[in-house]
Amino acid sequence: MKKAGYKKKIIAACEQAGTYRPFFDEPINQLAEIMELRETAMKQFKKSGSKSVIVKATPSGPVPIKNPELSLIDNLTRTALSYWRDLGLTPSGLKKIDEKSMKQKKKSVLAEALNGF
């Protein structure tokens, strides 16, 4: 899926959770980009055989190491999770969001009456 598709899904999820606000658009764009990169990394990891450990040639001989593609996927997943949490799209993230700051402040009756003039 492309970045635009992820963006639509993230906005829909935020709307469903009641946390979407237009000022979240930049973090949503960044999360969509992270998700696209993660998907690309997952495809490459599967294409290369899905090996979690590879053997690296060193001057002292072969050394088993964690597959760099898997490390990249792990890092992107952790980063994405922090964005999901900040957007209120995890149970703990939703719980932490301060509803008072999320709701638009209501104008007083007097202020609304004065705006009518």
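For the structure, see preceding data.
Residues numbered from 1 in each chain as written. Predicted model: local features only at pLDDT ≥ 70, side-chain atom pairs only at ≥ 80, totals over all residues. Heavy atoms only, no water.

## Some words on the pattern of salt bridges
Moving on, step 1. Overall, the coordinates contain three salt bridges when judged by the stated rule.
Moving on, step 2. The salt bridge partner of Glu33 is Lys3, with a shortest N-O separation of 3.7 Å. One end of the pair, Glu33, is in helix H2 (residues 25-47); the other, Lys3, is in helix H1 (residues 3-17), and 30 residues separate them in sequence.
Moving on, step 3. Classification of Lys3 by relative accessible area gives partly exposed; the value is 30%.
Moving on, step 4. Of the charged contacts, one joins Lys43 and Glu39 as a salt bridge, the two residues approaching to 3.3 Å between their closest N and O atoms. Placement of both Lys43 and Glu39 in helix H2 is noted, with a separation of four residues, approximately one turn of the helix. (Salt bridge = Lys/Arg side-chain N within 4 Å of Asp/Glu carboxyl O. Helix = DSSP H or I, 4+ residues; strand = E, 2+ residues; numbered from the N terminus. Buried < 20%, exposed > 50% of the residue type's maximum accessible area, 1.4 Å probe, protein only.)

## Some remarks on the environment of Met42
Moving on, step 1. Note on placement: Met42 falls in helix H2.
Moving on, step 2. A relative accessible area of 23% places Met42 in the partly exposed class.
Moving on, step 3. With 30 residues separating them along the chain, Met42 and Leu72 place their C-alpha atoms 9.2 Å apart.

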